[in-house]
Amino acid sequence: MEEKLIPQEEKERRVSQLDGWKLTDEKFIVKRYRFGEFLTGVQFVNHIAEYSEDIQHHPFISIDYKMVTLKLTSWNAKGLTELDLSCAVKYDELYDSIK
């Protein structure tokens, strides 16, 4: 997928269409996922890692006990792209499949 920056005037609107994702520092989107069990969160991270490796687009991942935080941006484009938004949707789908 082409890494074309999402225009500044569209960022907030586009991110608001995502479930629970927040725009931070004008170039990142962030979401926290809560799990009932620590190992379920780790399983989720493993799914994220496999998918991210397949498409060669990797989020920042933080595991804090039963909370997993994902943070996305496109380094090559120096900001938020369609690839980031499509990954956010996919990560939500992966979460829904294992929560």
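Everything here concerns the structure above.
Residues numbered from 1 in each chain as written. Predicted model: local features only at pLDDT ≥ 70, side-chain atom pairs only at ≥ 80, totals over all residues. Heavy atoms only, no water.

Colleague: What am I meant to see in the overall build of the protein chain here?
Modeller: Helix and strand counts for the protein chain come out as 3 helices and 4 strands. Put simply, the protein chain runs from its N terminus to its C terminus through helices and strands in the order α-β-β-α-β-β-α. Relative to the compact-globule value of 13 Å for 99 residues, the protein chain shows a C-alpha radius of gyration of 13 Å, a close match. Taking the principal axes of its C-alpha atoms as reference, the protein chain extends roughly 40 × 25 × 20 Å. When the accessible surface of the protein chain is totalled, it reaches about 6100 Å², and 49% of it is carbon and sulfur. (Helix = DSSP H or I, 4+ residues; strand = E, 2+ residues; numbered from the N terminus. Rg over C-alpha atoms; globule rule 2.2 N^0.38 Å. Areas by Shrake-Rupley, 256 points an atom, 1.4 Å probe, with all protein chains shown as cover.)

Colleague: Explain the pattern of salt bridges to me, please; I cannot follow it from the model alone.
Modeller: Evaluated as defined, the whole model comprises 4 salt bridges. Among the salt bridges present, the one from Glu10 reaches Arg13, with a minimum N-O distance of 3.7 Å. Highlighted residues: Glu10 and Arg13, both in helix α1 (residues 8-16), separated by 3 residues, approximately one helical turn. Judged by relative accessible area, which is 26%, Glu10 ranks as partly exposed. (Salt bridge = Lys/Arg side-chain N within 4 Å of Asp/Glu carboxyl O. Buried < 20%, exposed > 50% of the residue type's maximum accessible area, 1.4 Å probe, protein only.)

Colleague: What should I look at first to understand the environment of Ile63 in this one?
Modeller: Of note, Ile63 is situated in strand β3 (residues 60-64). The sequence separation of Ile63 and Glu9 amounts to 54 residues, and the corresponding C-alpha distance is 32 Å. With sequence-adjacent residues up to four places away left out, Ile63 is seen in contact with Phe38, Val42, Val45 and Val68. (Contact = heavy atoms within 4.5 Å.)

Colleague: Got a minute to help me understand the nonpolar core in this structure?
Modeller: One broad trend across soluble globular proteins is that nonpolar side chains are buried collectively. Counting residues in each nonpolar core, the largest one holds 22 residues, and the members touching the most others are Trp21, Ile29, Tyr33, Phe44, Leu70 and Tyr91. Those elements that provide at least two residues to this core are β2 (28-34), α2 (38-55), β4 (67-72) and α3 (82-98). Looking at which element gives the most residues to this core, the answer is α3, with 8 residues. In contact with Tyr33, other than residues within four places in its own chain, are Trp21, Phe44, Lys66, Met67, Val68, Leu70, Ala88, Tyr91, Asp92 and Tyr95. (Core = buried A, V, L, I, M, F, W, Y, C linked by side-chain atoms within 4.5 Å.)

Colleague: Would you mind showing me how to read the side chain of Asp92 here?
Modeller: Inspection of the secondary structure puts Asp92 in helix α3. Those residues in contact with Asp92, other than ones at most four positions away along the chain, are Asp19, Trp21, Lys31 and Tyr33.

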